[in-house]
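# Fold and contact review
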Amino acid sequence: MLSQLHILLTYTCPFECDHCFVYSSPYAEGTFTAPRLHEALDQAQDVPTIDWIYFEGGESFLFYPLLIEGVRSARERGFEVGIVTSGYFGATEEDAELWLKPLADLGISDLSVSDDAFHHGESSDNPAQKTKRVAERLGIPTDTITIDPPAAVGAPGQGRGEPVAGGSVMFRGRAVDRLAQGLAGRQWQTLTECPYEELEDPTRIHLDPYGHVQLCQGISIGNVWDTPIRKLMERYRAADHPICGPLVEGGPHELASVHGFDPEDRYVDECHLCFETRRSLLHRFPDELAPRQVYGVV
Ligand code: SF4
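The text that follows walks through the structure, step by step, so that each part is easy to find.

Given 3.6 residues per turn, any residue in an α-helix points the same way as the ones three and four places further on. Across its 12 residues, helix 1 (residues 34–45) extends 17 Å between first and last C-alpha, which sits within 8% of the 16 Å expected from 1.5 Å per residue. Leu37, Ala40, Leu41, Gln43 and Ala44 are the residues of helix 1 that are buried. Summarising the axial view, the buried residues of helix 1 lie within an arc of 160 degrees, below the 170-degree limit, and thus occupy one face.

Right, here's the structure in full:
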């Protein structure tokens, strides 16, 4: 049952992390406008099972007035609100408080802060840690997202259908191009299950500034600027979707087999084979594999 809408407020980010799922960077384009943000929240309100709105990116704090307006509008509509951030703005605790106090006053229910070497290097008291300390002082429930450097094979990621909360790098997006080399470890025929997403009955969806509703980064089930979220979800059947159908049936192995992808012998994990297969299919399924930029293709 769909309960969470994750709004990718922008693809732009001050960082260009090697493990980023959506190829964010300072140069990545695509940011919500205020009218589109309100429209998305109106659509979410029309789906009675959605009770959480997450704002993420990219880095949603880069467009601070838009973030504040999104949180205010979501709270006004009765949603619980979470935000994912790198906490890059927390140069000092006084700075962090300046940015977080208005959000605390609006009553956000979760602040997930990325604190790892990908974002902040090895420094011991980095902006993420200052941001987290201030959030706790302001009474904002806070989590830390720490992604470990790549492990060779089989390190756990998030639970199925859950937001990424830590663990090892998963090989989607830029991680495939920057981190996979030299790590490949499992035979492609053994990658027979999608380990992380509820593709048959999604509990969360990601909505980007272009209107794409994504079940996993770059797997779209439609565009909300053409068809509202409620209708898209009513209409969605995994078995009828050319990407989700095979993934449900037999994981990335089935996806590659059904669409005639010519695989290497080994891949780091399920996501690695899935992502490489999908990237080879961009020209065949432009609506279902969108947006192209999360595949590193501009
Ligand atoms: S196997 Fe594919 S659909 Fe499943 S989580 Fe990995 S990249 Fe996403």
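Additional details are given in the paragraphs that follow.
What follows covers the site of the ligand. Around the ligand, a shell composed of Arg172, Cys194, Tyr196, Glu197, Cys216, Ile219, Leu247, Pro252, Glu270, Cys271, Cys274 and Phe275 is seen. When residues of the shell around the ligand are traced back to their parent elements, those giving at least two are helix 8 (244–258) and helix 9 (270–280). Broken down by element, the shell around the ligand gets its largest block of residues, 4 residues, from helix 9. For the shell around the ligand, the per-class residue count stands at 9 nonpolar, no polar and 3 charged.

Time to look at unusual backbone geometry. For the bond running from Gly57 to Gly58, omega is 15 degrees, close enough to zero to count as cis. If you trace the backbone, Gly58 turns up in the loop between strand 2 (52–56) and helix 2 (64–76). Here Ala290 and Pro291 are connected by a cis peptide whose omega angle stands at 0 degrees. Assignment of secondary structure puts Pro291 in the segment after helix 9. For Tyr23, which is not glycine, the phi dihedral falls at a positive 55 degrees. Tracing the sequence through the fold places Tyr23 in the loop between strand 1 (4–8) and helix 1.

How each quantity is defined
Residues numbered from 1 in each chain as written. Predicted model: local features only at pLDDT ≥ 70, side-chain atom pairs only at ≥ 80, totals over all residues. Helix = DSSP H or I, 4+ residues; strand = E, 2+ residues; numbered from the N terminus. Expected span 1.5 Å × (residues − 1). Buried ≥ 20, exposed ≤ 12 C-beta atoms within 10 Å, placed from the backbone. Arc of directions from axis to C-beta. Near = placed C-beta within 6 Å. Nonpolar A, V, L, I, M, F, W, Y, C, P; charged D, E, K, R; others polar.

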